Amino acid sequence: MIILDAKETAAALPWFALVEALREGFINGCAAPTRHHHEFAIPDEAAGTLLLMPAWMEGEFLGVKQVLVIPENAKRGLSAVSASYQLSSAKTGELLAIIDGAVLTHRRTAAASALASSYLSRANSEHLLMLGTGGLAPNLIEAHCAVRPISTLSIWGRNVERSEKLAQQLRQSGLCVNVVTDLQAAAQHADIISSATLSEEPLICGDWIVPGTHVDLVGAFKPTMRESDDELIRKASVFVDTTDGALQEAGDIIQAIQSGAFSAKYIQSDLFALTGGEHRG
């Protein structure tokens, strides 16, 4: 049995190779039941969420990822997401590997966003706006930079100190990085907007978005969560795959449908990405 810690997991999943592996995986498919959501109480703070995600390839491999989302971990200086992944033989049941699930989750999620961007964003996109400063943020930034010639990065977060800390870390990569507090102005100048927050109120307004801007919504994994307003959903090209539970989980889409701003008639892909008017269709 192989055991991969965080560092080893990251080293085994370089961005470009991972994006291409996901591209092939989405094309070929596998058995992937809708993930299980279970909320659990935490005394004196917001509830946590347990996610269980099984998937398998017949006669080859079977994996189960366990993810715990603790919204108030930021107050403890910890990531909101922790996880583990167990890989077994789908033929014999033999346990083959235990993998650091937090790193695997961050890299797979970010690579899926980058894969969507490779189809939906403009090839010459240079300015990335990142909403959120949690553990997923640097992964999303690196992944987007792997598929587009990003030279300028803007970071917005509710906690300016955390935004500055992330910016300082990323400046070492050679990017031009700035922390922004005026989200509307930043959104109007970005080629790609990536949002990874636990917000329950819209952060990005459709009226701000310039045609051709690619909007990558990563948060809002529960019906009560939301990162965009109705106008953005209405204006965007929205692709929904009902087979993986998007219409039960994706808060941005669910709330837009409930308000009548959007009709779930586009059933094509599970690349959860929204993009501005230039790509509408």
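None of the values given here were measured: they were computed from a predicted structure.

Reading the values: the criteria
Residues numbered from 1 in each chain as written. Predicted model: local features only at pLDDT ≥ 70, side-chain atom pairs only at ≥ 80, totals over all residues. Heavy atoms only, no water. Helix = DSSP H or I, 4+ residues; strand = E, 2+ residues; numbered from the N terminus. Buried < 20%, exposed > 50% of the residue type's maximum accessible area, 1.4 Å probe, protein only. Contact = heavy atoms within 4.5 Å. Areas by Shrake-Rupley, 256 points an atom, 1.4 Å probe, with all protein chains shown as cover. Axes fitted to C-alpha atoms, helices over the stretch in contact; angles between N-to-C directions. Left-handed = near helix turned anticlockwise from the far one by under 90°. Nonpolar A, V, L, I, M, F, W, Y, C, P; charged D, E, K, R; others polar. Pairing = 2+ DSSP bridges. Right-handed = clockwise from strand over helix to strand, strands pointing away. Expected span 1.5 Å × (residues − 1). Polar contact = N/O pair within 3.5 Å; in protein donor to acceptor, adjacent residues only side chain to side chain. Patch = residues over 30% accessible without salt bridge, like charges linked within 9 Å, V, L, I, M, F, W, Y side chains within 5 Å. Salt bridge = Lys/Arg side-chain N within 4 Å of Asp/Glu carboxyl O. Core = buried A, V, L, I, M, F, W, Y, C linked by side-chain atoms within 4.5 Å. Phe/Tyr/Trp six-rings, centres within 6.5 Å; stacked < 30°, edge-to-face > 60°. Lys NZ or Arg CZ within 6 Å of the ring centre and 35° of its normal.

Colleague: So what exactly am I meant to see when it comes to the overall build of the protein chain here?
Modeller: Regarding its fold elements, the protein chain presents nine helices and 13 strands. For the protein chain, with 281 residues in total, the buried portion stands at 47%. Looking at the protein chain alone, contacts between residues at least 24 apart form 64% of all its contacts between residues at least 6 apart. Carbon together with sulfur atoms contributes 55% to the accessible area of the protein chain, which is approximately 13600 Å² in total.

Colleague: Just checking my understanding: could you explain the packing of helix 3 (residues 101-120) against helix 4 (residues 136-147) for this structure?
Modeller: In a pair of packed helices, the angle between the axes and the distance between the axes together describe the arrangement. Closest axis-to-axis distance for the helix 3/helix 4 pair is 8 Å, and the angle between their directions is 35°. As helix 3 runs across helix 4, the sense of the crossing is right-handed. Each of His106, Arg107, Thr109, Ala110, Ala111, Ser113, Ala114 and Ser117 in helix 3 lies in contact with helix 4, whose residues at this interface are Leu136, Asn139, Leu140, Glu142, Ala143, His144 and Val147. Each residue belonging to the contact of helix 3 with helix 4 can be placed in one class, and the counts come to seven nonpolar, six polar and two charged.

Colleague: Sorry, what's going on with the pairing of strand 7 (residues 127-131) here?
Modeller: Walk down a regular strand and you will see the side chains alternate between the two sheet faces. For strand 7, the tally of buried residues reaches five of five residues, placing the bulk of the element in the interior. The alternating pattern of strand 7 places His127, Leu129 and Leu131 on one face and Leu128 and Met130 on the opposite face, and all of these are buried. Sheet topology places strand 7 next to strand 8 (residues 152-156); five bridges connect them, and they run parallel. Each bridged residue has a counterpart across the sheet, and for His127 the counterpart in strand 8 is Thr152. With respect to chirality, the unit in which strand 7 leads through helix 4 into the neighbouring parallel strand 8 is right-handed. Examined bridge by bridge, strand 7 and strand 10 (residues 192-195) share four bridges and lie parallel to one another. For Leu129, the partnering residue across the bridge sits in strand 10 and is Ile193.

Colleague: How do you make sense of helix 5 (residues 160-171) when you look at a structure like this?
Modeller: Two residues of an α-helix separated by three or four positions point the same way, owing to the 3.6 residues in each turn. Compared with the 16 Å implied by 1.5 Å per residue over twelve residues, the 16 Å span of helix 5 between its first and last C-alpha is a close match. Packed against the buried residues of helix 5 are helix 4, strand 8 and strand 9 (176-179). Near the N-terminus of helix 5, the side chain that reaches the backbone nitrogen of Glu161, with its oxygen 3.0 Å away, is that of Asn159.

Colleague: I keep staring at a nonpolar patch on the surface and nothing clicks. Help me out?
Modeller: A cluster of nonpolar residues, Met1, Ile3, Leu95 and Ile98, forms a patch on the protein surface that exposes about 370 Å² of accessible area. Structurally, Ile3 can be placed in strand 1 (residues 2-4).

Colleague: Even after reading the chapter, I still don't get the nonpolar core, so can you show me in this structure?
Modeller: What tends to happen in soluble globular proteins is that the nonpolar side chains get buried as a cluster. Of all hydrophobic cores here, the largest spans 34 residues; its most connected members are Met130, Leu140, Ile141, Leu153, Ile155, Leu170 and Val177. Looking at this core, the elements that each hand over two or more residues are helix 2 (15-28), strand 5 (81-89), strand 6 (95-100), helix 3, strand 7, helix 4, strand 8 and helix 5. For Ile155, the residues in contact, after removing those within four places along its chain, are Met130, Thr133, Ser163, Leu166, Ala167, Leu170, Val177, Asn178, Val179 and Val180. With 16 residues, the next largest nonpolar core counts Leu129, Trp156, Val180 and Ile193 among its residues.

Colleague: Please explain the environment of Gln169 as it appears in this structure.
Modeller: Inspection of the secondary structure puts Gln169 in helix 5. Residue Gln169 is classed as partly exposed on the basis of its relative accessible area of 46%. Through-space distance from the C-alpha of Gln169 to that of Pro138 is 9.1 Å; in sequence the pair is 31 residues apart.

Colleague: Help me understand the sheet that holds strand 1 in this model?
Modeller: Strand pairing in a sheet takes place through backbone hydrogen bonds and is either antiparallel or parallel in direction. Taken together, the six strands give an open sheet; going across it, the order is 1-6-5-4-3-2, and neighbouring strands pair in mixed fashion. Across the chains shown, the open sheet's two edge strands, defined by having one partner strand only, are strand 1 and strand 2 (36-42). Direction aside, the axes of adjacent strands within the sheet are offset by 15° on average. Here eight bridges tie strand 3 (residues 45-56) to strand 4 (residues 61-69), and the two strands are oriented antiparallel to one another. From the neighbouring strand, Leu52 faces strand 4, where its bridge partner is Gln66.

Colleague: Help me out: how do you make sense of the packing of aromatic side chains in this one?
Modeller: By convention here, two paired aromatic rings are described through the distance between centres and the angle between planes. According to the stated counting rule, one finds zero aromatic pairs in the structure shown. Positioned above the aromatic ring of Trp15, the side-chain terminus of Arg107 is 4.1 Å from the ring centre.

Colleague: Explain helix 9 (residues 251-259) to me, please; I cannot follow it from the model alone.
Modeller: Listed as buried for helix 9 are Gly251, Asp252, Ile253, Ile254 and Ala256. In the stretch just after helix 9, Gly260 is the one whose phi turns positive, near 85°.

Colleague: Would you take a moment to explain the pattern of salt bridges for this structure?
Modeller: As a working rule, side chains carrying opposite charge can pair if their charged atoms are close by. With the rule as written, the count across this model stands at eight salt bridges. In this structure, Asp252 and Arg226 form a salt bridge, with 3.9 Å as the shortest nitrogen-oxygen distance. Here Asp252, found in helix 9, pairs with Arg226, found in the loop between strand 11 (214-217) and helix 7 (230-235); they are 26 residues apart in sequence, far enough to count as distant. Just as Asp252 is buried, Arg226 falls in that class too. Put simply, Arg226, Asp230 and Asp252 are held in one network by salt bridges that share partners.

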